[in-house]
Each structure stands twice: as structure tokens, then as C-alpha cells.
Amino acid sequence: GIVAARRPGDTIITGHRCHGFLLACGIEPEPVMAELLGRESGISGGLAGSMHLMAPEVGFYGGHAVPGAQVGLGLGLAFAAQKRGQGEATILCYGDALARRGGLGEYYALAAAWRLPAVFVIENNAFNTAEALDRLDDDALRTPALAQHIPAEAVDGMDVEAVTEATTHALAHVRAGQGPFLLEMRSFRYRGHHALSAAESARHRDAAAQVRRTRDPLERLRQRLLQADPDHATALAALERSVKARIAAAAAAARTAPEPAPETLHTHVLAPQPQHSPETAPVSA
């Protein structure tokens, strides 16, 4: 939904759960799958793995495993867009747990002071890494942005069309030079951070099953298409079969692809510093 609203030149940056964004931005599934398995044919040569996917050629700048790292970097992208003066914008995505950290207030203050073309997107699924937060319906996550006079809206993150509409509105705001905008996308987390997290409890599994039946974004979009024209059913079924077959083929190809050669281990890593003998070592100031 977010990707459908952006224009060429806009950039997106997010955390480590970034695979869907890559595909939506137009990256083929084969190099994504290969990267997940650390293969040479992966989008980053098998050196980045699942949590550091990146494709600047389509305006996607990661994929960052360090919580919050993407927000500061994203403001840099927004600053660059502002300096280019071509009406470009940056979309910065992060989770509800990160949105509760004090450092976000500083990012909001900076973006507001410089009137950066930045759309902050909180992915609020009401879970942190280990427990349910049960705060999906309050306004706490938007309050720090509102304190900096940044417009903020809550959006049904399980509705693709609602997401696109809200993002389009937010992007129009920042392109007009009115400063940043914040969107709180209220969603649902089907699975937990790990197998032992609270999101894997029986209560949550029951809730997840209910959400899949009634609020799943893909299923809701499918039903709208069928309501508009029941004849779409055949095309949708064929599309689903085609996608599943392609993903299975991509997974099979990734399993047999070679791993990166050992000599690529330091590719894109800072060059090692020259070694000094005790006699020639520089004197510390």
C-alpha cells in the first residue's frame, strides 16, 4: 500500500523485516530468496543475509537490524531530497516498540525544524519482542510527533487501499514543503519475534486465526475485487498458482546456488589498517 503511493525518486527505509518492501518495489523474488540463504546470486551477493537487504536502484535503502538506525539514516535521505529540490520524499518505517524510545523525539524535532520531506510510518502491531502491549487503540505513539506540531494520523494498516490513500495524502503534504507527517499503521502480528515469545501463546494463535479469516489485507483486497467483478475469480486463482510456482522455483534455485567465494569476505567492509612494527608505530597524541 505504501509503495503504490510513491513516485520515482522517493526513497524508503525500514527495519529488518523488509522482504515485502523489496518485492513491492519491483525486485524479483529470485535474488531475494538467494540472499536469504546467503548465496552468491543474492541481491547483495550473499553477504547481507535476511536483515540487511538493500536495493538503492529502486529507492529502497534497507533493511537495518539495529533498532532505530534506519530513522536517522532516513532523515539523511530526506535532507538530500530537500536539497535536490525535485519534490522527492522519504518514507521511514519502524515498529511500535521503537516509537516509545526517547530518541524518536529528537528525530521528530529535527525533521520539524528543518521541514524535511519525511513521512514517518509506525507499524503498530501492539507487540514488542516478548509481550503483548495491548495499546493498539491509544494515541501515545503519535503524541511525541504531535508535540513537535507534526500532523499525525492513525490508519487501518490491514486495508491496502486505506494505506495507499493515507500515504498519498502524507506525501502530498511533505512535497508541498509543509514539513514531516506521521502515519500510525495499526496492524496485526501473526507470528512472534521468536518461538517462545508471547505472540506464540494459544490465545494469540486463536486471535491470529480470527484475523486471517476477517481482516487479512490480501483476502480483503481479493474480496473487493470479486465484488467489483465476479469474473476476476479465474484470473486471481491463476495468478496465485503462478506466484506459488515461481516462489517454489526461486527457493529450489537458491538451495543449489553457490555460496560466496572466501575472497569476497571483506567486500564492502572497511579496508584493514596497515600493521606497524613497534619501531615504526605512530606516536599517540
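J.: Teacher, can you tell me more about the pattern of salt bridges here?
T.: Once the charged atoms of two side chains with opposite charge are near each other, the side chains can pair. Per the counting criterion, the structure on display carries 15 salt bridges. Note that Glu184 and Arg186 form a salt bridge whose closest N and O atoms lie 3.0 Å from each other. Comparing Glu184 with Arg186, the two get one shared label, buried. Put simply, Arg222 and Glu240 hold a salt bridge, and the shortest N to O gap is 3.1 Å. With a gap of 18 residues between them, Arg222 in helix H9 (residues 217–228) and Glu240 in helix H10 (residues 232–256) connect regions that are remote in the sequence. Through salt bridges that share partners, Asp156, Asp159, Glu161, Arg220 and Arg224 make up one connected network.

J.: I keep staring at the sheet that holds strand S6 (residues 181–186) and nothing clicks. Help me out?
T.: Note on sheets: strands pair through backbone hydrogen bonds, and any given pair is parallel or antiparallel. Judged by pairing direction, the sheet is parallel, and its six strands sit side by side in the order S2-S1-S3-S4-S6-S5 without closing on themselves. With partners counted over all chains shown, the strands left at the sheet margins are strand S2 (60–64) and strand S5 (152–156), one partner each. Taken over all neighbouring pairs, the strand axes of this sheet differ in orientation by 15° on average, direction set aside. Direction of pairing for S5 relative to S6: parallel, over a ladder of five bridges. Looking at S6, one finds that Ala154 is bridged to Glu184. Packed onto the sheet, helix H3 (residues 69–84) meets strand S1 (11–15), S2, strand S3 (90–95) and strand S4 (118–124) and runs at close to 170° relative to S3.

J.: How should I be thinking about a nonpolar patch on the surface in this particular structure?
T.: Residues Phe79, Leu110 and Trp114 make up a contiguous nonpolar surface patch of about 280 Å² in total accessible area. In this structure, Trp114 sits in helix H5 (residues 103–114).

J.: What am I meant to see in the state of the cysteines here?
T.: In protein structure, a disulfide is the covalent linkage between the sulfur atoms of two cysteines. Counting across every chain of the model gives zero disulfides. The structure places no disulfide on Cys25, whose sulfur is separated from the nearest cysteine sulfur, that of Cys93, by 9.9 Å.

Reading the values: rules and limits
- In this numbering scheme, every chain counts its residues from 1 along its sequence in written order.
- For this predicted model, a pLDDT threshold of at least 70 governs which residues receive local features, and a threshold of 80 or more governs which side-chain atom pairs are given and counted, while totals over whole chains, interfaces and linings are taken from all residues.
- Only heavy atoms go into the side-chain values, all of them from the structure, while hydrogens and water stay out.
- Any Lys or Arg side-chain nitrogen found within 4 Å of a carboxyl oxygen on Asp or Glu counts as a salt bridge.
- Relative accessible area decides the class of each residue, using a 1.4 Å probe on protein chains only: under 20% of the type maximum gives buried, over 50% gives exposed, and in between gives partly exposed.
- Per the convention used, a helix needs a DSSP run of H or I reaching at least four residues, while a strand needs a run of E reaching at least two, with both numbered from the N terminus.
- Two strands qualify as a pair provided DSSP detects at least 2 bridges between them.
- Axes, fitted as lines to C-alpha atoms, cover a helix only where it is in contact. Angles between the N-to-C directions of the axes lie from 0 to 180 degrees.
- Should any heavy atoms of two residues lie within 4.5 Å, those residues are counted as being in contact.
- Like charges within 9 Å and nonpolar side chains (Val, Leu, Ile, Met, Phe, Trp, Tyr) within 5 Å are joined into patches, using only residues over 30% in relative accessible area that form no salt bridge.
- For the accessible areas, the method is Shrake-Rupley and the probe is 1.4 Å, while residue cover comes only from the protein chains on display.
- For the purposes of this analysis, a disulfide is any pair of cysteine sulfur atoms at a distance within 2.5 Å.

Keep in mind that these numbers describe shape and distance, not what the molecule does.
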